[in-house]
Amino acid sequence: MSSPQSGLPRWNPQMIRGGASLGADRTTRVAILLSLYNGESYLNAQLDSILAQSHTDWVLYWRDDGSTDASRVIMLSFAAHRGHGRCVEVTSIPDVKGVGASYLHLLNSIPETPFIAFADQDDVWHPKKLEWAVSWLKTQPSDVPAIYCARQYLTDSNLNVFSKSERLHRQPSFAAALTQNIATGHTAVINAAACHLLHGTTPPSHTLHDWWAYLLTMAAGGEIFFDNRCVSYYRQHSRNTVGAKHSKFKRGLCAIKRGPGAFMTAFESNVQRLLSYPDMLTSESKDLLEDLSQARTLKARFKLIWKRPELQRQTFCETAVFRLWYLLATRCH
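My aim in this report is to walk through the structure given alongside it, one point at a time. (Residues numbered from 1 in each chain as written. Predicted model: local features only at pLDDT ≥ 70, side-chain atom pairs only at ≥ 80, totals over all residues. Heavy atoms only, no water.)

**Quick notes on the overall build of the protein chain**
Assigned secondary structure in the protein chain consists of 12 helices and 9 strands. With 333 residues in all, the protein chain has 53% of them scored as buried. Look at the contacts in the protein chain between residues 6 or more apart in sequence, and 79% of them connect residues 24 or more apart. As displayed, the protein chain has an accessible area near 15100 Å², and 54% of this comes from carbon and sulfur atoms. (Helix = DSSP H or I, 4+ residues; strand = E, 2+ residues; numbered from the N terminus. Buried < 20%, exposed > 50% of the residue type's maximum accessible area, 1.4 Å probe, protein only. Contact = heavy atoms within 4.5 Å. Areas by Shrake-Rupley, 256 points an atom, 1.4 Å probe, with all protein chains shown as cover.)

See below:
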């Protein structure tokens with residue numbers, strides 16, 4: 001079935017084949033983490049797409065982050081029926097609030113599992129998402145932190161596809177991870193080594209769990225694979241935590257409207273927080289972070305940009321905006 005607007009593939013509920021048993025090899029078990037907050041409108045479609053996965057060895061760990069709608073009721077019904085025996089509710093803690101904190105609480109609460117996937121309550125997964133992710137992650141050494149992530153179909157609230165998310169234009173690196181997150185949460189699957197890396201850490205308040213996982217993994221010398229295939233249907237609606245603009249012009253306009261303040265606050269907070277975990281950093285990562293931490297004047301930042309050309313985003317224009325903001329931020333010091 002195709003979207004009438006674009007001819008791109010639309011989510012088809014007939015993809016759902018029903019639940020499968022847990023009899024698969026436990027070395028491929030995936031812990032799916034799902035945090036709920038007033039998601040009753042779209043939650044069942046996400047749960048259906050999890051049931052539809054060709055990779056059937058999964059357990060869903062979930063928590064409710066204070067919903068006032070029927071989200072928790074829907075989840076309890078799923079756990080009792082379609083997802084029976086495959087769902088574990090993680091006890092909520094009153095002082096854990098917000099998307100990032102909720103997912104890190106889930107991550108810290110699950111048992112040892114080879115692979116961990118982040119799920120959003122309002123998106124829908126391609127049936128082969130977990131299969132593709134596990135296939136790549138199994139090629140990586142088990143003691144090396146690794147992240148699988150991918151492109152998405154961007155849709156309206158009714159899952160009508162209007163475009164694909166951007167391709168990767170430049171290869172990932174730690175320096176690039178500091179300037180931009182490419183590991184969109186609902187596409188990300190990490191291995192146990194990356195999970196261990198994240199245990200007990202606390203990202204800055206401006207940084208969500210997916211970007212934090214990407215930053216720590218790259219800072220520790222880990223691996224990331226960005227799949228050019230679209231692995232999810234990413235709803236764009238009024239309640240998105242982040243959302244994605246499919247137009248480069250609109251993305252640029254939004255960036256200009258936001259200005260350098262919010263981004264540079266997050267950027268510099270990430271630098272300082274990563275430096276607070278020196279035992280996790282490679283020597284190269286630590287050197288870059290220390291250079292960034294010490295460059296406080298306009299002159300020093302000009303020199304650093306010249307010395308560190310790897311501090312770039314995915315496109316030329318995005319990189320130009322980042323470097324301009326990086327220089328303008330000296331006025332705050």
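**With respect to unusual backbone geometry**
Negative phi characterises most residues that are not glycine, and trans characterises most peptide bonds. Of note in this structure, asparagine 38 is not a glycine but carries a positive phi near 50 degrees. Here asparagine 38 lies in the loop between strand 1 (30-36) and helix 1 (43-51). A positive phi angle, close to 70 degrees, is found at leucine 159, a residue other than glycine. You can call leucine 159 buried: its relative accessible area is 4%.

**Topic: the pairing of strand 2 (residues 58-64)**
Judged by how many residues are buried, strand 2 sits mostly within the fold: 7 of 7 residues are covered. Residues Trp58, Leu60, Trp62 and Asp64 of strand 2 are buried on one face, and the alternating residues Val59, Tyr61 and Arg63, pointing to the opposite face, are buried as well. With 7 bridges connecting them, strand 1 and strand 2 associate as parallel partners. Bridge assignment links leucine 33 to a residue of strand 2, and that residue is tyrosine 61. The handedness of the strand 1 to strand 2 crossover, carried by helix 1, is right-handed. In this sheet, strand 3 (residues 87-89) lies alongside strand 2 in parallel orientation, the contact comprising 3 bridges. Among the inter-strand pairings, tryptophan 62 is bridged to a residue of strand 3, identified as glutamate 89. (Pairing = 2+ DSSP bridges. Right-handed = clockwise from strand over helix to strand, strands pointing away.)

**Examining the pattern of salt bridges**
Counting across every chain of the model gives 11 salt bridges. The shortest N-O distance in the salt bridge between arginine 29 and aspartate 57 comes to 2.4 Å. Placement of the pair is arginine 29 in the segment before strand 1 and aspartate 57 in the loop between helix 1 and strand 2, with a sequence separation of 28 residues. This pair shows no difference in class: arginine 29 is buried, exactly as aspartate 57 is. Note that glutamate 131 and lysine 128 form a salt bridge whose closest N and O atoms lie 3.7 Å from each other. Classification of glutamate 131 by relative accessible area gives partly exposed; the value is 31%. For lysine 128, a relative accessible area of 35% corresponds to the partly exposed category. Each of Asp291, Lys307, Arg308 and Glu310 takes part in one network of salt bridges that share partners. (Salt bridge = Lys/Arg side-chain N within 4 Å of Asp/Glu carboxyl O.)

**Let's talk about the packing of helix 11 (residues 298-307) against helix 12 (residues 316-328)**
Where helix 11 meets helix 12, the axes come as close as 9 Å, and the angle between the chain directions of the two elements is 155 degrees. Here helix 11 lies roughly antiparallel to helix 12, going by the angle between them. Note on element contacts: helix 12 touches helix 11 through Arg323, Tyr326 and Leu327, opposite Leu298, Arg301, Phe302, Leu304 and Ile305. (Axes fitted to C-alpha atoms, helices over the stretch in contact; angles between N-to-C directions. Parallel < 35°, antiparallel > 145°, perpendicular 65-115°, else oblique.)

**Brief notes about the packing of helix 7 (residues 209-219) against helix 9 (residues 260-275)**
Working note: a packed helix pair is described by the angle between its axes plus the distance between those axes. Contact geometry of helix 7 with helix 9 gives a least axis separation of 12 Å together with a crossing angle of 45 degrees. Taken together, the axis directions place helix 7 and helix 9 in an arrangement best described as oblique. You can see that helix 7 and helix 9 cross each other, and the crossing is right-handed. Taking contact as the criterion, the partners of Trp211, Trp212, Leu215 and Leu216 in helix 7 are, on helix 9, Phe263, Asn270, Arg273 and Leu274. Split into classes, the residues belonging to the contact of helix 7 with helix 9 amount to 6 nonpolar, 1 polar and 1 charged. (Left-handed = near helix turned anticlockwise from the far one by under 90°. Nonpolar A, V, L, I, M, F, W, Y, C, P; charged D, E, K, R; others polar.)

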